[in-house]
Amino acid sequence: MLNRLVQKKKIILIVCAVVLIVLWILTLIFGNGEDKVTVLVLSLLLPFIFYGFVRVMYKIVKINAPSKVMRFFFWFFLIMATFCIIMMIIEYVTDFPNGLSPFLGCFDGLIVATLDEAKKNIETETQK
């Protein structure tokens, strides 16, 4: 199952990016909060920062962790990030137009970084 998700990483990345951009544009147009600019800038920067942080985290853990533990981490973080994205979209809808959270991008970065590391892990297992 993880293999299928890794193969569809580009589609998942596009969907996450489109959702984030649509919510970002809606906040840009309709938002009226005092910290609107800060939220908009952070929601564009945090996915890249979090992506790099998660990749480094996986590299550190991967040194001593067996492949079963890594698979557990991949599934745990994918399920957790998906759940958090759904909850943040619901929060955005209920708090419209000022419901955008910069952490929505963090979870997008977490999903993409996890799928990248899962792909590397699967390739490493098949080579052995």
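Criteria and cut-off values
Each chain has its residues counted from 1, following the order in which its sequence is written. In keeping with the model being predicted, local features are shown solely for residues with a pLDDT of at least 70 and side-chain atom pairs are shown and tallied solely at 80 or more, while totals for entire chains, interfaces and linings include all residues. Each side-chain value is derived from all of the structure's non-hydrogen atoms; neither hydrogens nor water enter the calculation. Runs of E in the DSSP output that reach at least two residues are strands. Runs of H or I that reach at least four are helices, and both are numbered from the N terminus. Here pLDDT means the predictor's own confidence in every residue, given as a number from 0 to 100. To pair, rings of Phe, Tyr and Trp, with the six-membered ring standing in for Trp, must have centres within 6.5 Å; the planes then decide the type, stacked if under 30 degrees apart, edge-to-face if over 60, and tilted in the middle. Buried, partly exposed and exposed residues are distinguished by accessible area as a fraction of the type maximum, computed with a 1.4 Å probe on protein chains only: under 20%, between the cut-offs, and over 50%, respectively. Think of a salt bridge as a Lys or Arg side-chain nitrogen and an Asp or Glu carboxyl oxygen that are within 4 Å of each other. Contact between two residues is taken to exist if any of their heavy atoms lie within 4.5 Å; hydrogens are not considered. A helix is expected to span 1.5 Å multiplied by its residue count minus one. Two axes are fitted around each residue, one to the seven residues ending there and one to the seven starting there, and the angle between them is reported as the bend at that residue. Any pair of N or O atoms that falls within 3.5 Å is considered a polar contact. Within protein, one atom must be able to donate a hydrogen and the other to accept it, and sequence-neighbouring residues count only if both atoms are side-chain atoms.

**Quick word on unusual backbone geometry**
Link 1 in the chain: Note that the residue after F96, namely P97, is joined by a cis bond; omega there is 5 degrees.
Link 2 in the chain: Inspection of the secondary structure assignment puts P97 in the loop between α4 (67-94) and α5 (103-127).

**So, the confidence of the model for the chain**
Detailed conclusions should not be drawn from predicted coordinates in areas where pLDDT is low.
Link 1 in the chain: Mean pLDDT for the chain: 90, with 100% of residues reaching 70 or above.
Link 2 in the chain: Across the chain, α4 holds the top mean pLDDT of 93, while helix α1 (residues 2-7) sits lowest at 89.

**Observations regarding the packing of aromatic side chains**
Link 1 in the chain: Using the criterion set out here, one finds nine aromatic pairs in the structure.
Link 2 in the chain: Centre to centre, the rings of F30 and F96 are 5.8 Å apart; their planes meet at 55 degrees, and the pair counts as tilted. Residue F30 is found in helix α2 (residues 9-30), and its partner F96 is found in the loop between α4 and α5; the two are separated by 66 residues along the sequence.
Link 3 in the chain: Under the relative-accessibility criterion, F30 is labelled partly exposed at 45%.

**Some remarks on the pattern of salt bridges**
Link 1 in the chain: All chains considered together, the criterion is met by six salt bridges.
Link 2 in the chain: Linking E117 and K59 is a salt bridge whose minimum nitrogen-to-oxygen distance equals 3.8 Å. Residue E117 is located in helix α5, and its partner K59 is located in helix α3 (residues 36-62); the two are separated by 58 residues in the primary sequence.
Link 3 in the chain: When its relative accessible area of 42% is taken as the criterion, K59 is described as partly exposed.
Link 4 in the chain: In this structure, R71 engages E125 in a salt bridge whose closest nitrogen and oxygen atoms are separated by 3.3 Å. You can see R71 sitting in helix α4 and its partner E125 sitting in helix α5, a full 54 residues away along the chain.
Link 5 in the chain: Classification of R71 by relative accessible area gives partly exposed; the value is 27%.

**Observations regarding the environment of D108**
Link 1 in the chain: Within the fold, D108 resides in helix α5.
Link 2 in the chain: Classification of D108 by relative accessible area gives buried; the value is 9%.
Link 3 in the chain: C-alpha of D108 to C-alpha of L13: the two residues are 95 residues apart in sequence and 7.8 Å apart in space.
Link 4 in the chain: With residues up to four places along the chain from it excluded, the contact list for D108 reads C16, L20 and I85.

**Some thoughts on α3**
Link 1 in the chain: The terminal C-alpha atoms of α3 lie 38 Å apart, and with 27 residues this matches the ideal 39 Å at 1.5 Å per residue to within 8%.
Link 2 in the chain: The largest bend along α3 measures about 35 degrees and falls at L45, with the proline P47 one to four residues further on.
Link 3 in the chain: Every buried residue of α3 is listed here: V39, L40, S43, L46, P47, V54, R55 and Y58.
Link 4 in the chain: Elements in contact with the buried residues of α3: α2, α4 and α5.

**Quick word on the side chain of E117**
Link 1 in the chain: Owing to a relative accessible area of 1%, E117 belongs among the buried residues under this scheme.
Link 2 in the chain: Engagement of the side chain of E117 in a polar contact is seen with the side chain of R55, the distance being 2.7 Å.
Link 3 in the chain: Apart from residues no more than four positions distant in its own chain, E117 is found in contact with R55, Y58, K59, K62 and F74.

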